[in-house]
Each structure stands twice: as C-alpha cells, then as structure tokens.
Amino acid sequence: MLVIGNEILHKAHQNGYGVGAFNFVNFEMLSAIFESANEANSPIIVQASEGAIKYMGIDMVVGMTQIMSKRYPHIPVSLHLDHGTTFESCKNAIQAGFTSVMIDASHHIFEENLELTTKVVQYAHQHGVSVEAELGRLMGIEDNISVDEKDAVLVNPKEAEIFVRESKVDYLAPAIGTSHGAFKFKGEPKLDFERLQEVKRLTNIPLVLHGASAIPEYVRDAFLKTGGDLKGSKGVPFDFLQEAIKGGINKVNTDTDLRIAFMAEVRRVANEDKTQFDLRKFFAPGMDAIKKVMVERMTLLGSANKI
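Residues numbered from 1 in each chain as written. Predicted model: local features only at pLDDT ≥ 70, side-chain atom pairs only at ≥ 80, totals over all residues. Heavy atoms only, no water.

Trainee: How should I be thinking about helix α5 (residues 87-96) in this particular structure?
Mentor: Along an α-helix, residues three or four apart share an orientation, since each turn contains 3.6 residues. Regarding α5, the residues found buried are F87, S89, C90, A93 and I94. For α5, the buried positions fall inside an angular range of 165 degrees around the axis, keeping them on one side. Considering only its buried residues, α5 is in contact with α3 (50-56), α4 (58-71), β3 (77-84), β4 (100-103) and α6 (110-126). Backbone geometry just downstream of α5 places G97 in the positive-phi region, at approximately 125 degrees. (Buried < 20%, exposed > 50% of the residue type's maximum accessible area, 1.4 Å probe, protein only. Helix = DSSP H or I, 4+ residues; strand = E, 2+ residues; numbered from the N terminus. Arc of directions from axis to C-beta. Contact = heavy atoms within 4.5 Å.)

Trainee: When you look at empty space enclosed by the protein in this model, what are you seeing that I'm missing?
Mentor: Rolled over the atoms, a probe with the dimensions of a water molecule shows which regions are left empty. Following the criterion strictly, the structure yields 2 cavities of 30 Å³ or more and no others. The computed volume of the largest cavity comes to approximately 40 Å³. Contributing to the lining of the largest cavity are N23, F24, V25, S49, A52, D255 and R259. In terms of residue class, the lining of the largest cavity is made up of 3 nonpolar, 2 polar and 2 charged. (1 Å grid on protein atoms, 1.4 Å probe; cavity = no way out; pocket = protein on both sides within 12 Å on 5 of 7 lines; lining within 4 Å. Points joined across faces, edges and corners; volume = space filled by probe spheres on them. Nonpolar A, V, L, I, M, F, W, Y, C, P; charged D, E, K, R; others polar.)

Trainee: Is there a simple way to explain the side chain of K251 in this structure?
Mentor: Tracing the backbone through its elements, the reader meets K251 in strand β8 (residues 249-254). Excluding its chain neighbours within four sequence positions, the residues that come into contact with K251 are L9, V19, A21, I45, Q47, H80, E132, L207, V208 and L209.

Trainee: Please clarify how the pattern of salt bridges should be interpreted in this entry.
Mentor: Where charged atoms from two side chains of opposite charge come close, those side chains can pair. Scanning the model with the defined rule gives 11 salt bridges in all. A salt bridge links D192 to R195; its shortest N-O distance comes to 3.0 Å. Here the salt bridges share partners, and the residues they tie into one network are E35, D288 and K291. (Salt bridge = Lys/Arg side-chain N within 4 Å of Asp/Glu carboxyl O.)

Trainee: Please clarify how a negative patch on the surface should be interpreted in this entry.
Mentor: Residues E111, E112, E115 and E159 make up a contiguous surface patch of negative charge. Here the negative patch gets 3 residues from one element, more than from any other, and that element is α6. As for its position among the elements, E115 is in helix α6. Judged by its relative accessible area of 58%, E115 falls in the exposed class. (Patch = residues over 30% accessible without salt bridge, like charges linked within 9 Å, V, L, I, M, F, W, Y side chains within 5 Å. Areas by Shrake-Rupley, 256 points an atom, 1.4 Å probe, with all protein chains shown as cover. Lys, Arg positive; Asp, Glu negative; His and termini not counted. Charge placed at Lys NZ, Arg CZ, Asp CG, Glu CD.)

Trainee: Please clarify how the nonpolar core should be interpreted in this entry.
Mentor: Soluble globular proteins tend to bury their nonpolar side chains together. F24, I44, V46, F98, V101 and L172 are the most contacted members of the largest nonpolar core, which has 88 residues in total. Counting residues per element, this core draws most heavily on helix α13 (residues 279-301), which supplies 10 residues. Residue contacts for F24: discarding those within four places in its chain leaves M29, L30, I33, V46, Q47, A48, A52, M56, V61, M64, T65 and L79. Judged by nonpolar contacts, the second largest core, of 11 residues, contains Y17, V19, Y171 and V208. (Core = buried A, V, L, I, M, F, W, Y, C linked by side-chain atoms within 4.5 Å.)

Have a look at this one:
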C-alpha cells in the first residue's frame, strides 16, 4: 500500500531502526525490491531520480509502483523522488502520485536552501506528501582534511536545528562524510558520528544517510570476476551503517550496490553463453543478485519483520 514517507520513517525514528530506500530504473529492479520486502517482511521506500524519470517516464514510474503495491498490499511502501533539483520537479512528482519528495538545494547557501525547501514543504503538505531536504555537501572525509574544511563540507548541527524548525521538513539528510557512487573514500572510511548524534538531538526527526551503498565483498568479487573494473572502490562498511542507525539514521539510500550486483550477473551470463540473446536469461539472475543484497540490507538496518 502506498503511504506517505513520514508514516514509514516516523515509526523507524520512534523505534530506532533504519529503512532501506532503493532506487530503480526498470521493472526488474522494482519487482526485486518488492520481492525482497516480501521475503524480509519489511517496509520499503522505492526511489526514482530525475534521471530515472526521464528514462522511464513519470507515468510509468508511478504506474508500475502502484501495480506492485497492489500485488503486495501488506507491504507499506512510499514512492520517493530522489534528489529533486527544483520546485517544479517536486510539484510534478507530487501531482503524478509520488508520496514523498526530496528537494536537494544543498548546493545553495543556507538561506536559499531554506527558502526553497520551505516552499516545497508548504506545497507538499497541502497535498499530503512528505519532504526530505539535505544540509552539507556529500564529498567524503579524507585523512588530511582540516577542521575548517570539514566544517565547510559537513552539516552544521546548529544550522540543522534552525533549518528543520523553520522549514518544517519531515526528514533531513545531514552530510556526515559519505559521497555518492562507488568511490566514497580515498583513505580509510570515516564518518562523523558525533556530528550525526548532535543533529539528531537538536532536530528530533528521521534522518537520512545518502551515499550509503556498502559494496559487499561478494558483490565486488562477482563484478571483477566477470571482467568489470571498480578501480579500488570503497563503500560504507556494515558496522558503519549499524553505527549510523544507532546515531539516528532512519532512511538509508542504496543504489550503487544494486547496479553492481545486477550487472555482475548480466556479464556472467554473457561470458558463459555467447549464443544467449533471451533477455530474461540475463535479467532473472540479476534480479536474484540484487534481492540477496536487499534482504541482507533490510536485516542489517533492522527493518526486517517490522510489518
């Protein structure tokens, strides 16, 4: 059943667990997300970026999600716009049937971010839709970064308190040291958990971890074995994800892990059977691979058996 994002995340916030927010770009990924939630007995957030919407069409994104939610009516699911860049993008998603939107104005100065976020929140709340915003910049923490540089990149807890109070945003993505994609850290992984805990204390709302793909060793190995090249990628370690949950994270975005796991199986089939051209023979193993990743993640985050 499609519900607003805050219905799912408020429960996670109140009970101290995380919910996976999984991106999709086609039917196979979306179907696997729902099958995984069904297996793990977990609520889910399914996400489509502006790029995914451009690729599939917003009517297809919403239509497929509604059909899948009817197929699994016992699963609480929110359809979320990931990284909406403009008011118009968020408005279009809300009008199309999304139940949660993110306005990402984190590249603007604080005042402009607050102004745009407040505008989106006012419109979204009038239509019964939840809103996510972001503070700080997702760039990763390096070993040699100075205190001043870190403060310029990561979320300022005091600003977060003001931002949440004035914008009335439903959940916040604070930059604490992750980055998007497969290449998150140049040195050893580092996240600023103390900063996260302070943001949670001052805002007391569900918090979101972007750039949270872990790139498990078995996923990396499968991709490399089939001829892929990840160029020394480093994801967020599982123990870091668990520590983030303890620190107040309730929504954990996952995209890169799914892409790598899926493509590893597509490559494997292509390498093992040069005569194969039945797309189902490529995609079915890919779906199984990402289901394994997602069920493992739901269990790790604590959302399994929360329906």
